[in-house]
Structure formats: C-alpha cells, structure tokens
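Coordinates in review
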Amino acid sequence: MSRQPKIVMIGGGTGLPVILRGLRKRNVDITAIVTVADDGGSSGVIRDYINVVPPGDIRNALVALSNLPKLEKDIFQYRFKSDDQFFSGHAIGNLIIAALSEMNGDNIFEAIQQLSAMLKVDGYVYPASNTPLTLNAKFSDGSTLAGESEISAAGKTIKKVWVTAIDDSKPQAVPEVIDAILDADQIVLGPGSLFTSILPNLMINNVGQAVLQSKAEVVYICNIMTQKGETEHFTDAQHVRVLHEHLHQKFINTVLVNTEPVPDDYMDRQKYDEYLDQVKHDFNGLRAEGCRVITDNFLKLKDHGVFHNGNQVVEELMQLIGRPHSWVD
C-alpha cells in the first residue's frame, strides 16, 4: 500500500492501550474508538457529579498514542492518593478531560480533539458516543441490571447487553467515528472485557451497523483469561459466538488466540481478582463461526499478572494487513 494502512481499534479497559502503544511505532493510521459506558472508579465519581462521558479509558488511549515526554505523560496519568480527601483516587487527566468537556459545552468529542493536539497524539482518539451511556444487561435467569460495575458484581450469567443514553436519546456515534470504521483497512476488537469494554461500543446502533458494512478485515483479539461475572468457563469460540449473536451476523474474519500456558500459581489472585482461569480452546467452534484462527504465544507475564504481548500482537496485525480475509483451511 502506498498510503498508510488505516487501523481502527474498538474497545476499552487496560488491554486497548497495550496494542495502541505497539501500533504507534508502525507506519499506520490509527483510530481508537473508546467505550463510554464505564461507571467505576474515578470516572464514575466524576460522572456522578458532572454530566460527562467517563474519561478513564479515553485518558489511557490518549497517553498510549501521545508523543509527549514521559514526565508530562506521568503527570497526566497521576492519581491522587486515597488519603487526600478532596482529590482522593482521581487521575489528573480525568479532571482535565472533564474540564475541557465543560468548557466546550459538554461536547466531549471536541474536548478530546483539543486534548489530542495538546498531548501530541499520533492518531485519533474518539469517544464511541458524545453523551454518557449506561450499560444494561439481561441475565440467563431473566433478571436485568443497569451499570457496568453492578453487572460485573452480580455474579450471574449474562445473556445479552445493550446501551441507553442517560438523556433518553437514541445512542449514536458522531459521523467521524462512522467514517473511520467505513474507511478502515482493518478493524480490531479487544483485547478487553467482552461484555463491558467491547460490546458497549458495538451496541451503539450506527457503530455496529458500520462494522457490518465495512469492507475491512475484522480481527478479534481473544482474551487470555476468563473474567469473573462476565465470561466464567468461556471458550474462545464462546467469546466469538456472543459477539455474533449481539450483531445477528457472523462478522469476525480472524481471531488471534494465545496458546501459551499461564504458569501455575503465577498470578496474584488478590491483585487481579477479576480474572479466573485461562480461556479454553475450541478450534472447531471457532471455525463453525466462520473465523480464520491464528494461534501464537501472545502471552506476557508481568507483576504477577497476565497480559497480551503488545509487540507480538501488533506484529501479527501488520502481517494481516493486505492479506485476503476470508477464512482458508
């Protein structure tokens, strides 16, 4: 390709910035579309006091693509200590995002574009919606709950999720988000929580429809570990099946699957208490979903936690650019 390949990443949580940092080193045009249905931590507290899209995942994506020196990024990421009663637990970047949004008449999209220029962001960071959204879930027992943190803490099997706008409007992404998806060469989902980081974006009607209409290869980076309250006992094929069921179509072309075992007793179960067991493999199930399956050692062990190796994942994404994306046995 003579022009830079256009890669759109859709997600949230801690996995998205890992891949963004790796992509920033490559000759690609990056757009990160970030979930705005988070109601936990500092983001949730800010959202409760002022009507602003929760900024935490957006903040992390901005820093991952920023060309500022480390000290300036560290200041933006600094989180006040819990014994500081006034600012307890807040990240400075979250406060700046909230302030810029307010200065722009609660236009979070415009605020993030201004902040992207200030942070010398190499690429684009777009909130999935310009208004705060609430994540809703229906469980296998028929009950429903609203709010990401409540859903994750319920300890029930999730049947389906959807998003609603807190101002009762129909959730929509701004045109720039849709244009980026339709113009992409590759759309990457994950890594991240299936029900609370990836699906909230796809459940915004025009986002999900744009992904289905796009001619880009859709790549899903499957999680390495199952997650408490979300994907307990899930195989890799079940992750994909849930995505397909929510959009009523088999739209994922390629799945990246880690096959490296996590060493026994490596994980700090207290620190990473949301993770359960390693995702089991069901390659026949993945092929039944119409996916090309790419397996490799995508594992990175760090601080007694389990993560994706961003550089290894990015290497595979770059290999996929330009290849035909129909599944071949």
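Residues numbered from 1 in each chain as written. Predicted model: local features only at pLDDT ≥ 70, side-chain atom pairs only at ≥ 80, totals over all residues. Heavy atoms only, no water.

The protein is annotated in an unreviewed UniProt entry as Putative gluconeogenesis factor of Candidatus Ligilactobacillus excrementigallinarum. For the record of the protein, the UniProt heading Function (unreviewed entry) holds the text "Required for morphogenesis under gluconeogenic growth conditions." According to the UniProt record, the Sequence similarities (unreviewed entry) comment for the protein reads "Belongs to the gluconeogenesis factor family." (UniProt positions renumbered as here; feature names shortened; annotations may be inferred.)

Points about the pattern of salt bridges
This model, assessed by the stated rule, comprises seven salt bridges. Among the ionic pairs, R3 bridges to D185, the shortest N-O distance being 3.0 Å. Of this pair, R3 sits in the segment before β1 (6–11) while D185 sits in the loop between α8 (175–182) and β7 (186–189), placing them 182 residues apart in sequence. Across the pair D74 and K70 runs a salt bridge, and its minimum N-O distance is 2.6 Å. Here D74 pairs with K70, and both are found in helix α4 (residues 70–77), just four residues apart, close to one helical turn. Looking at D74, the relative accessible area reads 36%, which means it is partly exposed. (Salt bridge = Lys/Arg side-chain N within 4 Å of Asp/Glu carboxyl O. Helix = DSSP H or I, 4+ residues; strand = E, 2+ residues; numbered from the N terminus. Buried < 20%, exposed > 50% of the residue type's maximum accessible area, 1.4 Å probe, protein only.)

Some points on the packing of helix α3 (residues 56–64) against α4
As a packed pair, α3 and α4 sit with axes 11 Å apart at the nearest point and diverge in direction by 180°. The pairing of α3 with α4 is recorded here as roughly antiparallel in orientation. Facing α3, whose interface residues are R59, N60 and V63, α4 presents K73, F76 and Q77. A per-class count over the contact of α3 with α4 returns two nonpolar, two polar and two charged. (Axes fitted to C-alpha atoms, helices over the stretch in contact; angles between N-to-C directions. Parallel < 35°, antiparallel > 145°, perpendicular 65-115°, else oblique. Contact = heavy atoms within 4.5 Å. Nonpolar A, V, L, I, M, F, W, Y, C, P; charged D, E, K, R; others polar.)

So, the sheet that holds β1
Sheet architecture is open: seven strands sit in the order β3-β2-β1-β7-β8-β10-β12, paired in parallel fashion. What marks the edges here is a single partner per strand, and that holds for β3 (124–127) and β12 (292–296). Within the sheet, the average angular offset between the axes of one strand and its neighbour, ignoring direction, is 20°. The pairing of β7 with strand β8 (residues 217–221) spans four bridges and is parallel. Paired with L189 across the two strands is Y220, which belongs to β8. Against the sheet, α8 touches β1, β2 (29–34), β3 and β7, its axis set at about 125° to β3. (Pairing = 2+ DSSP bridges.)

Some remarks on the pairing of β1
Counting buried positions along β1 gives five out of six residues, so the element sits mostly inside the fold. Across six bridges, β1 lies against β2 in parallel orientation. The residue bridging K6 from the neighbouring strand is D29, located in β2. Of the crossover connections in this fold, the one passing from β1 over helix α1 (residues 15–24) to the parallel β2 is right-handed. Where β1 lies against β7, four bridges are found, and the strand directions are parallel. From the neighbouring strand, I7 faces β7, where its bridge partner is Q186. (Right-handed = clockwise from strand over helix to strand, strands pointing away.)

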